[in-house]
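Observations on the three-dimensional arrangement
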Amino acid sequence: MDEPFDAIVIGSGQAGPALADRLSQAGQRVAVVERHRFGGTCVNTGCIPTKAMVASAHVAALLHRSEEYGISIRGEAAVDFGAVMARKSRISGKSSENVETWLRGMPGVTVIQGHACFEAPGTVRVADRLLRSERIFVNVGGRASALAPDIRNGVDVLNNSSLMALDRLPEHLGVVGGSYVGLEFAQMFRRFGSRVTVLQRGAQIVPREDADVAAALQEILQREGIEIRTGTECFALRREGERIAARWRCGDDQDEILCTHVLNATGRRPNTDDLGLERAGVKVDERGFIEVDDQLRTSVEGIWALGECNGRGAFTHTAYNDFEIVAANLLDADARRVTDRIPAYALYTDPPLARIGITVGEALRSGRPTLIGERPMSRVGRAVQKGEEQGFLRVLVDAQTRHLVGATLLGVEADEAVHALLTLMYARQPVSTLQRAVFIHPTVSELLPTVLGALRLLEAPAAQE
C-alpha cells in the first residue's frame, strides 16, 4: 500500500511528537512511526524513571540522617525495593501513555507502530505499508553501548534499561564507567542498600569536568560508602561461581572485585544501524551518528535528523531544542541554528552538578583573560539550613567583555540555580545585569550576584617541580 504524506516523523522521542504537533497545526498530513514505547529514552529508560528512583534514594538517605535534623524515627526505616521500582514504573508508564494519547489526538496525524526502514530518498517502509513524503524527520534516539565480547567473556551485563527491570536489589553492583549515567545509578543503589564499586578507565570520574570538580564529587560519593577505582586497565569479566569477577588492573587476583551484578555505563550508540540509511544516501559518521548541518539537515535534501541520533546532543533538552530549530526554519522563517546553543547539562547525583559554558581548563587553554569567582556551599545560607553544605559555586567571566562564559555549580539546588546564569548568557548581557538583580532570600540563587562581585583573575596553577 502506497501512502503519501506531507511529512513523516520516525520516532516519538522528545523532538518527534512536538514537531508532529506543529506540522499538524500548520494543516499538514503527518505520519508518525514508532516501533517500541512512545516517548523515547527520556520517558521510558532515561530521565523520567531514573529521576523517580533518585527521588526515592534521596528519601532513604534523609531517613538515615533524620537525627541530624532533630527527628527520631521509631523502629527501622527500610527500603522496599519492589515498591521503589513499582513507583518508577507507574510514573514512567503514565508519561508514555500521555505521549501516545497526545499523538493520536492530533488532527491530520496518523500513528503507525512498527519498524521504519528507508527504501529510497522520500520512501519509508513499515511492514507492508509504503510511506512517501518530501519531508522526513529521523528521531530514533540511541541505546547503551555494549562491552566487547573479549571483555564480557559470556557474562551477562546490565545496561540502563535492564537494570531498571530488576525485581531484586543487587547485593554488590559493579558499575563500569564513572560518568553521568554510571554515577547516578551508583549513588541511588548504594542508598537502596547495595554495595557499589565504580570502575573508571581514566584518571578521574566525570572526565569532561575540571579535576577539582571530579575530586569533590568523588569525595561526596565515597563518603556514602561508594568504592571508586580510577585508572582501570586490563578490564575483563569472568564467572566465579555465583559471582562475577571484574579484573580492573593488570596483576594478580587481588586486582579483581567480586560482584553479583555488573552495569555497563560506558557510553551510548545511535539507533541508526537498521534504518536503511544507505539506501536513502544519508551519510553517517564512523560511530553511526547521522551527519547534519547547523539546521539539522542531512546529506540528502528533504531528510532531517533530530535528537541523540545526530550526535549534536545527548540530552532531552537538546533534542527538544532540535525540534525548535527545525520548526523555526520550516514554519516561522526564523533561521535558528544548533551552534546558537550554549552547552548546559546536569548530573543528578545528590547534590547535583550543573554546568554551562566552558570549564576552567578550557578557559586557560583559550589564552583569553578570564575572571573566576567561587564560593563554598558552606557559606550559602540555604545549604546550611538544609544540612547540605557539600560543593561550591564557580563562575567564569570574560575579563574584557565582562560577559559570563561558564559556570559550574556543585551543591544543593544547583540544577535550578544555574538557570539564572544560563539566561544571562543567552541574553548576552554583562554580569552587572545579574549583580543588580534583587534575588529572593533564602535561596542558592541569591549568592550568585555575590560570587560575581568577588571576581579575580584566573591563573594557571604553578607547575610542580
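Just so we're clear, the structure is a prediction, and the values are computed from it rather than from any experiment. Here the residue index of a chain counts from 1 through its sequence in written order. In keeping with the model being predicted, local features are shown solely for residues with a pLDDT of at least 70 and side-chain atom pairs are shown and tallied solely at 80 or more, while totals for entire chains, interfaces and linings include all residues. Side-chain measures were taken over the full set of non-hydrogen atoms in the model, leaving aside hydrogen atoms and water.

**Re the pattern of salt bridges**
Note the threshold: Salt bridge, as applied in this entry: a Lys or Arg side-chain nitrogen positioned within 4 Å of an Asp or Glu carboxyl oxygen. A simple rule labels every residue: compare its accessible area, found with a 1.4 Å probe on the protein chains alone, to the largest value its type can have, and call it buried under 20%, exposed over 50%, or partly exposed in between.
Under the defined criterion, the tally for this structure stands at 36 salt bridges. The residue Arg-247 makes a salt bridge to Glu-256 at a minimum N-O spacing of 3.5 Å. Residue classification places Glu-256 among the buried positions, given a relative accessible area of 16%. Close ionic contact of Arg-269 with Asp-273 constitutes a salt bridge, the shortest N to O distance being 3.4 Å. Sharing partners across several salt bridges, the network here consists of Asp-210, Asp-212, Glu-374, Arg-394 and Arg-456.

**Quick notes on the sheet that holds strand S8 (residues 136–138)**
This is how the line gets drawn: Here the rule is simple: two strands pair whenever DSSP picks up at least two bridges between them. Runs of H or I in DSSP of at least four residues are treated as helices and runs of E of at least two as strands, each being numbered from the N terminus. Axis definition: a line fitted to C-alpha atoms, over the contacting stretch in the case of helices. Angles run 0 to 180 degrees between N-to-C directions. By definition, residues are in contact when any of their heavy atoms lie within 4.5 Å.
Here we have 5 strands laid out as an open sheet, ordered S4-S3-S2-S8-S18, and parallel in their pairing. Both edges of this open sheet fall to strand S4 (109–113) and strand S18 (303–305), since each of them pairs with a single strand only. Geometrically, the sheet is characterised by an average inter-axis angle of 15° between neighbouring strands, direction not taken into account. Inspection of the sheet shows strand S2 (residues 7–10) paired to strand S3 (residues 30–34) by 4 bridges, in the parallel sense. Across the sheet, the residue bridging to Ile-10 is Val-33, located in S3. Against the sheet, helix H1 (residues 15–25) engages S2, S3, S4 and S8, with an angle of about 165° to S3.

**Considerations on the packing of aromatic side chains**
Any aromatic ring pair is given by two values, namely how distant the centres are and how the planes are angled relative to each other. The following threshold applies: For Phe, Tyr and Trp, where Trp contributes only its six-membered ring, two rings pair if their centres lie within 6.5 Å, and the inter-plane angle classes them as stacked under 30 degrees, edge-to-face over 60, or tilted in between.
The tally for this structure, following the rule as stated, stands at 8 aromatic pairs. Relative to Tyr-345, the ring of Tyr-180 lies with its centre 5.6 Å away and its plane at 65°, an arrangement referred to as edge-to-face. Linking Tyr-180 in helix H7 (residues 180–192) with Tyr-345 in strand S19 (residues 344–347), this pair joins segments that are 165 residues apart in sequence. In terms of burial, Tyr-180 and Tyr-345 fall into one category: buried. Taken together, a centroid distance of 5.6 Å and an interplanar angle of 5° make the contact between Phe-315 and Tyr-345 stacked.

**Details of unusual backbone geometry**
For the peptide bond that leads from Asp-350 to Pro-351, omega is 5°, which places it in the cis range. Assignment of secondary structure puts Pro-351 in the loop between S19 and strand S20 (353–357). Cis geometry is found at the peptide bond from His-441 to Pro-442, where omega equals 0°. Mapped onto the secondary structure, Pro-442 falls in the loop between helix H14 (432–435) and helix H15 (448–452). Despite not being glycine, Val-206 has its phi angle at roughly 35°, a positive value. Inspection of the secondary structure puts Val-206 in the loop between strand S11 (195–199) and helix H8 (211–223). Classification of Val-206 by relative accessible area gives buried; the value is 0%. One non-glycine residue, Arg-428, lies in the positive phi region at around 55°.

**Here we look at the sheet that holds strand S13 (residues 236–240)**
Spatially, S13-S14-S15 is the arrangement adopted by the 3 strands of the open sheet, whose pairing is antiparallel. Across the chains shown, the open sheet's two edge strands, defined by having one partner strand only, are S13 and strand S15 (256–259). Averaged over all pairs of adjacent strands, the angle between their axes in this sheet comes to 25°, without regard to strand direction. In the sheet, S13 pairs with strand S14 (residues 243–247) via 5 bridges, with the strands oriented antiparallel. Looking at S14, one finds that Arg-239 is bridged to Ile-244.

**Digging into the packing of H1 against helix H4 (residues 81–104)**
The relative placement of two packed helices comes down to the angle between their axes together with the axis-to-axis distance. Note the threshold: By the definition adopted for this analysis, an angle is roughly parallel if under 35 degrees, roughly antiparallel if over 145, roughly perpendicular if from 65 to 115, and oblique otherwise. When the near helix sits turned anticlockwise from the far one by under a right angle, the crossing is termed left-handed; a clockwise turn instead gives a right-handed crossing. Any residue that is not Ala, Val, Leu, Ile, Met, Phe, Trp, Tyr, Cys, Pro, Asp, Glu, Lys or Arg is counted as polar, Gly included; the first ten are nonpolar and the last four charged.
It is the contact of H1 with H4, at a shortest axis distance of 10 Å, that shows an interaxial angle of 20°. Between H1 and H4, the angle is such that the two are roughly parallel. Where H1 crosses over H4, the two elements pack in a sense that is left-handed. Here Pro-17, Ala-18, Ala-20 and Asp-21 of H1 lie close against H4, whose contacting residues are Val-99, Trp-102 and Leu-103. Classifying every residue of the contact of H1 with H4 by side-chain character gives 6 nonpolar, no polar and 1 charged.

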